[in-house]
Amino acid sequence: MKKVIAVSLFSFLLFYSCTEESQFQEDQTNSFNPDAIITKQRSLMSLDIIESISQKMDEIKTAQLNSLTAKKKNSDCQKTVFVPDDYPTIQEALFAVCENGKVFVRSGVYNESPGTDKEGLFIKAIGDVTLNGGFGLGANNIKIHNFKIDNTTSIWGEVGIASESGSNGFDIKGNTIYGSGHLGIYLPYCDNASIVQNQISGDMEAGIFIDAFIFELFGIEHPFGGNTNNTITNNTVTNLIADLDNFYPAYGIVIRGDTDNTRIQGNTVNTTNGWGISLESWAEFDLYCDNNIVKNNVSTNNALNGLEVFGGGSNNVIGPNNECYDNDEIGIHLYAAKDFFSDFYDFDGDEGPTNNSVFNNSAFNNGICDIVDEGSGNSFKNNNADCTVGLE
């Protein structure tokens, strides 16, 4: 399992965000590929979010060291804390609780964006709890259950639940995330996370986003590896409308970059102004989504594709029982993205998804076609579709 590095990334990331943003802006004036512009804008957003998370986590750590509760001996920390009974805010409770402790939050409205670097915490809303802000997670094996979160004012890059790069083992369950922030849930370079039974909607760029790409794009060395063994099950992402003025069509659920052995199962993605479910590889950087399982999902009424394997990736299992219908473009798309890579990176390869298995799915009434294969060696069996292109 990957470990969180002790040193701060903030100054390093700040340098890159300044230099790379000006280069990207210059590149955009010479590009005519709208997909490339979208991806550049979205990449800058992701870097800004990671930078913000790192900066704010440093501030939380400093505040914790200076807090009265932190000045007590470790043996004086509390194993179980109730809010507001013991402490009036969630942040103060997180300062006071021991590692592997429990924080229970009673009904009420809390205007804050709490964060923690303590491992193994169980943070649960008991009753009707609204958090106007977001959670920042800077340690492993933290559980966040049953909160209503308006991410509009989240200090964690306007993300409802965000983790520092390289933190692992989260259990994010039963939350309702909404608002006009950037993302619902964002876990960069993360292993062994469980994202279950959450409901996400609002004016944001992605509902659930597991990312292992952004440092490679900007040439930033890091010790984290990719993403592996994450589970995204039984979530509902609906009415996700991103800001098209900033070239940010929305993703319902997206895994990006070096991401393996993810299970995306039993989710419903309905009505985004972008993509439903996306497995996004990046051949230019040898970052691929491989060996993932996508089954029993419904992806409908999205402005672009319902379900896509983009830019590479192999040995993914797409099925059984995905339903992709009433999407404006393609229901299930294995997207080679050759022209996209050429415009974006002067990439002259012929990269496409290979050796994936697509079986027992239904795709119908999609705007361009129901199932399209631009890759090679992919297997298609027992799918229900009226329009197919490129299937072997």
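For the structure itself, consult the block above.
Residues numbered from 1 in each chain as written. Predicted model: local features only at pLDDT ≥ 70, side-chain atom pairs only at ≥ 80, totals over all residues. Heavy atoms only, no water.

Counting its secondary structure elements, the protein chain contains five helices and 35 strands. Within the protein chain, the fraction of its 392 residues that count as buried is 56%. Relative to all contacts within the protein chain whose residues are 6 or more apart in sequence, the contacts with residues 24 or more apart total 64%. Here the protein chain displays about 14,900 Å² of accessible surface, and carbon together with sulfur accounts for 45% of that area. (Helix = DSSP H or I, 4+ residues; strand = E, 2+ residues; numbered from the N terminus. Buried < 20%, exposed > 50% of the residue type's maximum accessible area, 1.4 Å probe, protein only. Contact = heavy atoms within 4.5 Å. Areas by Shrake-Rupley, 256 points an atom, 1.4 Å probe, with all protein chains shown as cover.)

Moving on to the pairing of strand E2 (residues 97–110). The sheet contact formed by strand E1 (residues 78–83) and E2 spans five bridges and is parallel. Bridge pairing links Thr80 to Lys102 in E2. A crossover links E1 with its parallel partner E2, the connecting element being helix H3 (residues 90–96), and its sense is right-handed. Taken together, the eight bridges between E2 and strand E4 (residues 122–132) define a ladder with parallel strand orientation. Bridge pairing links Arg106 to Ile126 in E4. (Pairing = 2+ DSSP bridges. Right-handed = clockwise from strand over helix to strand, strands pointing away.)

In this structure, Ile90, Ile123, Phe135, Phe147, Ile185 and Leu187 are the most contacted members of the largest nonpolar core, which totals 59 residues. Discounting residues that sit within four places of it in the chain, Ile123 has contacts with Leu94, Val103, Phe135, Ile142, Lys143, Ile144, His145 and Phe147. (Core = buried A, V, L, I, M, F, W, Y, C linked by side-chain atoms within 4.5 Å.)

Sheet architecture is open: 11 strands sit in the order E3-E5-E8-E11-E14-E18-E22-E26-E29-E32-E35, paired in parallel fashion. One side of each edge strand has no neighbouring strand; the edge strands of this open sheet are strand E3 (115–116) and strand E35 (388–389).

What follows deals with the sheet that holds strand E23 (residues 289–290). Taken together, three strands build an open sheet; the order of strands is E15-E19-E23 and the sheet is parallel. The strands lining the two open edges of the sheet, one partner per strand, are strand E15 (227–228) and E23. Looking at chain direction, strand E19 (residues 259–260) and E23 are connected through two bridges and run parallel. Its bridge partner being in E23, Thr259 is matched across the sheet by Cys289.

Moving on to the environment of Met45. Counting through the fold element by element, Met45 comes out in helix H2 (residues 34–66). Taking relative accessible area as the criterion, Met45 reaches 3% and is therefore assigned buried. Spatially, the C-alpha atom of Met45 lies 8.8 Å from that of Gly157, the residues being 112 residues apart in sequence.

On to the pattern of salt bridges, then. This model, assessed by the stated rule, comprises four salt bridges. Residues Lys56 and Glu59 are paired through a salt bridge, measuring 3.6 Å at the closest nitrogen-oxygen approach. With a gap of three residues between them, Lys56 and Glu59 both fall in helix H2, about one helical turn apart. Classification of Lys56 by relative accessible area gives partly exposed; the value is 21%. In this structure, the salt-bridge partner of Arg256 is Asp211, at a minimum N-O distance of 2.8 Å. (Salt bridge = Lys/Arg side-chain N within 4 Å of Asp/Glu carboxyl O.)

Bringing the pairing of E4 into the picture now. In this sheet, strand E6 (residues 143–145) lies alongside E4 in parallel orientation, the contact comprising three bridges. Residue pairing in the sheet places Ile123 in a bridge with Ile144 of E6. The sheet contact formed by E4 and strand E7 (residues 148–150) spans three bridges and is parallel. Counted as the bridge partner of Thr130 is Lys148 from E7.

Before going further, it helps to examine the state of the cysteines. Within this structure, the stated rule accounts for two disulfides. Here Cys77 is linked by a disulfide to Cys98, with a sulfur-sulfur distance of 1.8 Å. Across the S-S bond linking Cys77 and Cys98, the dihedral sits near 105°, which makes this disulfide right-handed. In this pair, Cys77 is assigned in the loop between H2 and E1 and Cys98 in strand E2, connecting sequence segments 21 residues apart. According to the relative accessible area criterion, Cys98 is buried, its value standing at 11%. (Disulfide = S-S within 2.5 Å.)

Turning next to the side chain of Asn302. Relative to the helices and strands, Asn302 resides in the loop between strand E25 (298–300) and strand E26 (307–310). A polar atom in the side chain of Asn302 sits 2.9 Å from the side chain of Thr272. Among residues more than four places away in sequence, those in contact with Asn302 are Val269, Asn270, Thr271, Thr272, Gly274, Trp275, Gly276, Asp326, Asn327 and Asp328. (Polar contact = N/O pair within 3.5 Å; in protein donor to acceptor, adjacent residues only side chain to side chain.)

What follows concerns the environment of Val372. Relative to the assigned elements, Val372 resides in strand E32 (residues 369–373). Val372 gets classed as buried once you look at its relative accessible area, which sits at 8%. Separated by 39 residues in the primary sequence, Val372 and His333 have C-alpha atoms spaced 4.9 Å apart. Contacts of Val372, omitting those with residues within four sequence positions, involve Ile330, Ile332, His333, Leu334 and Val389.

For the coordinates displayed, the defined rule picks out 13 aromatic pairs. Both rings, one in Tyr325 and one in Phe364, keep their centres 5.0 Å apart while their planes meet at 0°; by these two values the pair is stacked. Pair noted here: Tyr325 is in strand E28 (residues 323–325) and Phe364 is in strand E31 (residues 362–364), with a separation of 39 residues, a long-range link. An aromatic cluster of three or more residues is present, and its members are Phe213, Trp282, Phe285, Phe310 and Tyr335. The aromatic ring of Phe122 is capped on one face by Lys143, whose charged end is 5.6 Å from the ring centroid. (Phe/Tyr/Trp six-rings, centres within 6.5 Å; stacked < 30°, edge-to-face > 60°. Lys NZ or Arg CZ within 6 Å of the ring centre and 35° of its normal.)

Position of Thr272 among the secondary structure elements: in strand E21 (residues 268–272). From its side chain, Thr272 meets the backbone oxygen of Trp275 in a polar contact 3.3 Å long. Setting aside anything within four residues of it in sequence, one finds Thr272 in contact with Leu240, Ala250, Gly252, Asn301, Asn302 and Ala303.

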